[in-house]
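# Coordinate inspection notes
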Amino acid sequence: MRSYEEPCRGWGPCAPSPVLLLSLLMTAAPFGLLGEETRQVSLKVISDWLDPSQSLLHIRAVGTNSTLHYVWSSLGPPAVLLVATNTPNSTLSVNWSLLISSHPDGGLMVLPKESIQFSSALVFTRLFEFDSTNTSDTAAKPPGKSYPPYSLANFTWNNISDSLDPATLSATFRGHPSHDPTGAFANGSLAFRVQAFSRSGRPAQPPRLLHTADTCQLEVALVGASPQGNRSLFGLEVAALGQGPDCPSVQEQRSIDDEYTPAVFQLDQLLWGSLPSGFMQWRPVAFSQKQGSRESAMPCQASPLYPTLAYLPQSPIVRAFFGPQNFCAFNLTFGASTGPGYWDQHYLSWSMLLGVGTPPVDALSPLVLGIMAVALGAPALMLLAGGLFLLLAHRRHSEYQPIN
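For clarity, every value in this text was computed on a predicted model and none was experimentally measured. (Residues numbered from 1 in each chain as written. Predicted model: local features only at pLDDT ≥ 70, side-chain atom pairs only at ≥ 80, totals over all residues. Heavy atoms only, no water.)

## Notes on the nonpolar core
Of all hydrophobic cores here, the largest spans 56 residues; its most connected members are Leu57, Trp72, Leu122, Phe124 and Trp350. In this structure, Leu122 is in contact with Pro78, Ala79, Val80, Val238, Ala239, Ala240, Trp272, Met280, Met352 and Leu354, ignoring residues within four places of it in sequence. (Core = buried A, V, L, I, M, F, W, Y, C linked by side-chain atoms within 4.5 Å. Buried < 20%, exposed > 50% of the residue type's maximum accessible area, 1.4 Å probe, protein only. Contact = heavy atoms within 4.5 Å.)

Spelled out as structure tokens, the structure:
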């Protein structure tokens, strides 16, 4: 155990209409934190002492009156458990003998149980690949010939302790298929980089999602794997724990400000129930180069949520905490048949935030506020100046006394 303390939907050069500009200006919410502004964050690797290769990453974020627990696991398919409590003293309890058994129910708990305000989970189940060579319709579902998907439950993952970085509050799960007959992952890997935050801010790399102390970030990166098609598109299946019989809801938010993610005016959110609740937040963009420039930006299409059936592989941590549950899944597809793609540098990355409470809201940047002040203020100034000119001209005319 180691511990350390449109109108634009999003693509191409486009701009919002004046009507949308005014409506978004009137409804734009100022940036504010409804949760804890700062937290004491610790990352801990919890390993099975009989088999150290089996381990969990526990992120514990302690605030004045609450604690957030993120438990990331590569046992089975990659998964994360999110638990929010109303006390700064809640703890995680792991029973390894139960957790790795065929019936893991009760093998993972957050104590005291009565302090839990919200809990949910995400499971990353499959990696898809499509050959879009002969696909001209970018909206086609699926976007090309489908190859057999990779089940992430059958991946072998690195020892998470080796990638733990206390300076950046991050760690990386890196894996490849346990059975790879085609050798597609001989020189490649699929990585899940997890990062926690003790306060609000933005990462240096696009899409520069606004994070708070109530969130953590996941970056998924496919690097160096050999595609099976000439112009392969990749996709990811994500399963979300439902709230009772209902699936979480997905919302789209539009913005007139693309300062932090150029040419992307949309933000997508998956929400569990009513507040206080949890959320998953991402921009519909992925990147085909590590530096994440506008030139390497690719569209990210999300399918509607659908109930999952028996094919969903079991995550031991989710089953241990919740017991048998209903899941809803959706697919993310990265790229299009034209434009940048994985084929450029055999690289693909996509990022999302996971958190509790109210999702972060972008404020309008000073640049956009200045442009709007000029665009909306200049006509008003012209009208005011014209009115003053007419008034003064009328007064001069009325004061003239003709000589008879």
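## What to know about the confidence of the model for the protein
Mean pLDDT over the protein: 85, with 81% of residues reaching 70 or higher. A low-confidence stretch, residues 1-34 (pLDDT under 50), is modelled with 70 contacts involving residues beyond four sequence positions or located in other chains. (pLDDT = per-residue confidence, 0-100.)

## Examining the pairing of strand E7 (residues 108-111)
Residues Leu108 and Val110 point to one face of E7 and are all buried, whereas Met109 and Leu111, pointing to the other face, are not buried. Inspection of the sheet shows strand E6 (residues 91-94) paired to E7 by four bridges, in the antiparallel sense. Of the residues in E7, the one forming a bridge with Ser93 is Met109. (Helix = DSSP H or I, 4+ residues; strand = E, 2+ residues; numbered from the N terminus. Pairing = 2+ DSSP bridges.)

## Let's talk about the pattern of salt bridges
The final tally for this structure, using the stated rule, is four salt bridges. In this structure, Asp214 and Arg39 form a salt bridge, with 2.9 Å as the shortest nitrogen-oxygen distance. Of the two residues, Asp214 sits in the loop between strand E13 (189-196) and strand E14 (215-223) while Arg39 sits in the loop between helix H1 (18-27) and strand E2 (40-48), which places them 175 residues apart along the sequence. Across the pair, exposure class does not vary: Asp214 and Arg39 are buried alike. Among the salt bridges present, the one from Arg126 reaches Glu237, with a minimum N-O distance of 3.0 Å. Here the residue Arg126 occupies a position in strand E8 (residues 116-131), and Glu237 occupies one in strand E15 (residues 232-241), the gap between them amounting to 111 residues. Accessibility expressed as a relative area gives 24% for Arg126, which makes it partly exposed. (Salt bridge = Lys/Arg side-chain N within 4 Å of Asp/Glu carboxyl O.)

## Some details on the state of the cysteines
All chains considered together, the criterion is met by one disulfide. Through a disulfide, Cys247 is tied to Cys328; the S-S separation comes to 1.8 Å. Between Cys247 and Cys328, the S-S torsion sits near -80°, and that sign places the bridge as left-handed. Placement of Cys247 in the loop between E15 and strand E16 (249-254) and of Cys328 in strand E22 (residues 327-334) is noted, with a sequence separation of 81 residues between them. A relative accessible area of 31% means that Cys247 is categorised as partly exposed. (Disulfide = S-S within 2.5 Å.)

## With respect to unusual backbone geometry
For the bond running from Leu111 to Pro112, omega is -5°, close enough to zero to count as cis. Assignment of secondary structure puts Pro112 in the loop between E7 and E8. Cis geometry marks the peptide bond from Pro206 to Pro207; its omega dihedral reads 10°. Residue placement: Pro207 occurs in the loop between E13 and E14. A positive phi angle, close to 55°, is found at Leu169, a residue other than glycine. With respect to the helices and strands, Leu169 occurs in the loop between strand E11 (155-157) and strand E12 (170-177). At His346, a position not held by glycine, the phi torsion is positive, near 50°. Counting through the fold element by element, His346 comes out in the loop between E22 and strand E23 (347-356). Judged by relative accessible area, His346 falls into the partly exposed class, the value being 30%.

## Some details on the side chain of Ser189
Relative to the helices and strands, Ser189 resides in strand E13. If sequence neighbours within four positions are ignored, Ser189 has contacts with Arg174, Gly175, Ala221, Leu222 and Val223.

## Some thoughts on a nonpolar patch on the surface
On the surface, a nonpolar cluster with roughly 410 Å² of combined accessible area is contributed by Leu381, Leu384, Leu388 and Leu391. Relative to the elements of secondary structure, Leu388 occurs in helix H4 (residues 366-398). A residue is classified by how much of its surface remains accessible, and Leu388, at 45% relative accessible area, is partly exposed. (Patch = residues over 30% accessible without salt bridge, like charges linked within 9 Å, V, L, I, M, F, W, Y side chains within 5 Å. Areas by Shrake-Rupley, 256 points an atom, 1.4 Å probe, with all protein chains shown as cover.)

## Thoughts on the packing of aromatic side chains
Considering all chains together, one arrives at twelve aromatic pairs under this definition. By way of ring pairs, the aromatic residues Phe124, Tyr150, Phe155, Trp157, Phe185 and Phe192 are connected into one cluster. Between Arg202 and the ring centre of Tyr260, over which it is positioned, the NZ or CZ distance is 3.6 Å. (Phe/Tyr/Trp six-rings, centres within 6.5 Å; stacked < 30°, edge-to-face > 60°. Lys NZ or Arg CZ within 6 Å of the ring centre and 35° of its normal.)

## What to know about the side chain of Thr87
Along the chain, Thr87 falls in the loop between strand E5 (79-85) and E6. At 3.1 Å, the side chain of Thr87 forms a polar contact with the backbone nitrogen of Asn89. Leaving out residues up to four positions away in the same chain, Thr87 has contacts with Asn65, Ser66, Thr67 and Ser115. (Polar contact = N/O pair within 3.5 Å; in protein donor to acceptor, adjacent residues only side chain to side chain.)

## Some points on the pairing of strand E20 (residues 297-302)
Pairing of strand E19 (residues 285-287) with E20, which is carried by three bridges, proceeds in the antiparallel orientation. Bridging from a neighbouring strand, Val285 pairs with Pro299 of E20. Two elements, E20 and E22, share three bridges in a ladder whose sense is antiparallel. The residue bridging Cys300 from the neighbouring strand is Phe334, located in E22.

## Side note on the environment of Lys44
By the element assignment, Lys44 lies in strand E2. C-alpha separation for the pair Lys44 and Arg60, spaced 16 residues apart in sequence, amounts to 8.2 Å.

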